[in-house]
Amino acid sequence: MKLTVDILRYLSKDDFRVLTAVEMGMRNHEIVPAELIDRIAALKHGGTYKVLKNLLKHKLLHHDASKYDGFRLTYLGYDYLAIKTLVNRGVFTAVGRQIGVGKESDIFEVATEDGTILAIKLHRLGRISFRAVKSKRDYLKHRSSYNWLYLSRLAALKEFAFMKALQEHGFPVPNAVDCNRHCVVMSLVQGYPLVQVKQLQNPDTVFETIVGLIVRLAEHGLIHCDFNEFNIMIDDDEEVTIIDFPQMVSVSHRNAQMYFDRDVECIFKFFTRRYNLSVEEKREESDGSDEDADESSRPRFSSISKESGFLDKELSASGFTRKDQEDIERFIEQGEEDPVSDDEGTEEDEQHAEPIVKNFDSQCSLKEDEVSTRGEKVEVEDQQSTGATEIHGRESEDTTDQGDGGGEIESEEDDGELVKKLTKQRRKAIRAAHGGGRKNFSSSSTSRNVYKDKGGSRSSHNSKLHKSSSIW
């Protein structure tokens, strides 16, 4: 997309206020309704609609009335918002010519106040040449819905973070200056893409340097995933600089070995084809011994040790995040502690298992004896209602049976208190059979009626009747 900043100087504060309102509305709307834009911008006297008309004329917004009257930001409008913010910060003061075009971004020259030339990279995901972003990149992660502007912003933030970290660890990368929305400002590399260089004075040295950078990145926990002649800059002194970092992944990624081998294969093929470097011939000559073959052959992913650092953890690279690392460490710690605790628990359970079973068996036997004695009580009460002579006769039999039962309980459980309780209950049952049943019935009936009839003359009259009936 062609970037013309001539209109930028003529835009007013209200224009940028409406652009910001559309950007805020696009957080949860694909097409932002005009009424919502008016409420967010809060311009007086209906000025929002006049501004929208002006922004449409300069193609900073796109109008869509298929379902409702709404607007959305274009890449040009998003560029203006980012450039305006960076200019207000004092990062640069002028925008120059376009110096690079890619399938995911455009690169322009910018100048600071003191005349220093920098480069600004505008990410433009969603072009016709590269729309398989969801399957080729991991910007979305766990998100299901996406917007091209939002994806471009995520790519810019990721590239700025990687560039800053690699610069601190001494890698030959551009100096990261600032980042806003989908724009990344960096130092301008004085060189040319390797694909444009036809001859090299020392191709062997450059080849070893580039392959060494691939191995060094892997030792720090990162894989470039797009390490080819288009993303390598080389100057007149044949110094190498790496560019383009949004697609970098961790060595813990499930496809890390495939990406690593692909980067190495791209470099081997290019130097063999372009500079006639006999890399494969050297490998065949050294096949006589295994040690020489391992030393001269291309680097292997399995032989790389991560001893230089853990940038994938620090930057939360694709395939390895801090949260995942914490979960793994917790899982490992629990795995080491759980077997000991489980063994201790099993030993304690075995120690207490036998006493619990024994107590349970004794309780079950006691409950069976109690049930049998209660059954005898019911029989005694039913037989006592027929007559006193029969009750006394059965009492002697029950006492003999109880004596046998008590002897069994004493012999098995040595519990004499239970026998005493049972004899007391039988005596109470005999006394109730002789004449206590009627008294209990009358008293219970009077208590119920007294509870129902409370207060007033009627209750007193009813109480007298209840007393007379009880006496009768």
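Treat the numbers as computed from the prediction; the structure is a model and nothing was measured.

Visitor: How would you summarise the packing of aromatic side chains if you had to cite specific residues and measurements?
Guide: Aromatic ring pairs: the centre-centre distance and the angle between the two ring planes describe each pair. By the definition in use, this model includes six aromatic pairs. On the numbers, 5.7 Å between centres and 55° between planes, the contact of phenylalanine 260 with phenylalanine 301 is tilted. Of this pair, phenylalanine 260 sits in helix H8 (residues 256-274) while phenylalanine 301 sits in the loop between helix H10 (290-296) and helix H11 (311-315), placing them 41 residues apart in sequence. With a relative accessible area of 1%, phenylalanine 260 lands in the buried category. Ring geometry for phenylalanine 271 versus tyrosine 275: centroids 5.3 Å apart, planes at 50°, classification tilted. When its relative accessible area of 0% is taken as the criterion, phenylalanine 271 is described as buried.

Visitor: Can you explain the sheet that holds strand S4 (residues 94-101)? Please cite residues and give values.
Guide: Taken together, the five strands give an open sheet; going across it, the order is S4-S5-S6-S8-S7, and neighbouring strands pair in antiparallel fashion. Across the chains shown, the open sheet's two edge strands, defined by having one partner strand only, are S4 and strand S7 (176-180). In this sheet, neighbouring strand axes are inclined to one another by 25° on average, regardless of whether the strands run parallel or antiparallel. Relative to strand S8 (residues 183-187), S7 runs antiparallel, the two sharing four bridges. Paired with aspartate 178 across the bridge in S8 is valine 185. This element, helix H4 (residues 75-89), spans strand S6 (117-123), S7 and S8 of the sheet and lies at about 125° to S7.

Visitor: I'd like a description of the sheet that holds strand S1 (residues 32-33), backed by residues and values.
Guide: Here three strands make up an open sheet; going across it, the order is S1-S3-S2 and the pairing antiparallel. Whereas interior strands pair on both sides, the edge strands pair on one side only; in this sheet they are S1 and strand S2 (61-64). Bridge analysis of S1 against strand S3 (residues 70-73) gives two bridges, and the strand direction is antiparallel. Note on S3: the bridge partner recorded for proline 33 is glycine 70. Sheet contacts for helix H1 (residues 13-25): S1, S2 and S3; angle to S3, the most-contacted strand, approximately 95°.

Visitor: Talk me through unusual backbone geometry; I want residue IDs and the actual numbers.
Guide: If you check the backbone angles, aspartate 244 has positive phi at about 70° while not being a glycine. Among the structural elements, aspartate 244 can be located in the loop between strand S12 (240-242) and strand S13 (249-250). According to the relative accessible area criterion, aspartate 244 is buried, its value standing at 12%. Positive phi is not limited to glycine here, since asparagine 276 has a value of about 55°. Along the chain, asparagine 276 falls in the loop between H8 and helix H9 (279-285).

Visitor: Break down the pairing of S4 for me, with residues and values.
Guide: Across five bridges, the pairing between S4 and strand S5 (residues 105-111) is antiparallel. Note that in S5 the partner of glycine 100 across the bridge is isoleucine 107.

Visitor: Mind laying out the environment of leucine 52, listing which residues take part and the relevant values?
Guide: Looking at the element boundaries, leucine 52 is found in helix H3 (residues 47-57). With relative accessibility at 1%, the residue leucine 52 sits in the buried group. For the pair leucine 52 and isoleucine 37, spaced 15 residues apart in the sequence, the C-alpha separation amounts to 9.4 Å. If we skip the residues at most four places from it in the chain, leucine 52 touches Val18, Ile37, Leu61 and Phe71.

Visitor: I'd love a proper account of the nonpolar core, names of residues and values included.
Guide: One recurring pattern in soluble globular proteins is that nonpolar side chains are buried together. Counting residues in each nonpolar core, the largest one holds 49 residues, and the members touching the most others are Leu166, Ile210, Ile267 and Phe271. Looking at this core, the elements that each hand over two or more residues are helix H6 (148-168), S7, S8, helix H7 (203-219), strand S10 (222-223), strand S11 (232-234), S12 and H8. The greatest single-element share of this core, amounting to nine residues, is contributed by H7. Contacts of isoleucine 267, omitting those with residues within four sequence positions, involve Phe207, Ile210, Val211, Ile214, Phe227, Asn228 and Ile232.

Visitor: Residues and numbers for the layout of surface pockets, please.
Guide: Take a probe with the size of a water molecule and roll it over the atoms, and the empty space left behind shows itself. As a volume, the second largest pocket reaches approximately 880 Å³. Around the second largest pocket sit 32 residues that line it, and Gly100, Ile107, Phe230, Met233 and Ile243 are the ones nearest its centre. Residue assignment for the lining of the second largest pocket shows that the elements contributing at least two residues are S4, S5, S6, H6, S8 and strand S9 (192-193). No other element matches S4, which puts four residues into the lining of the second largest pocket. Across the lining of the second largest pocket, the residue classes break down as 16 nonpolar, eight polar and eight charged.

So, how was this worked out
Residues numbered from 1 in each chain as written. Predicted model: local features only at pLDDT ≥ 70, side-chain atom pairs only at ≥ 80, totals over all residues. Heavy atoms only, no water. Phe/Tyr/Trp six-rings, centres within 6.5 Å; stacked < 30°, edge-to-face > 60°. Helix = DSSP H or I, 4+ residues; strand = E, 2+ residues; numbered from the N terminus. Buried < 20%, exposed > 50% of the residue type's maximum accessible area, 1.4 Å probe, protein only. Pairing = 2+ DSSP bridges. Axes fitted to C-alpha atoms, helices over the stretch in contact; angles between N-to-C directions. Contact = heavy atoms within 4.5 Å. Core = buried A, V, L, I, M, F, W, Y, C linked by side-chain atoms within 4.5 Å. 1 Å grid on protein atoms, 1.4 Å probe; cavity = no way out; pocket = protein on both sides within 12 Å on 5 of 7 lines; lining within 4 Å. Points joined across faces, edges and corners; volume = space filled by probe spheres on them. Nonpolar A, V, L, I, M, F, W, Y, C, P; charged D, E, K, R; others polar.

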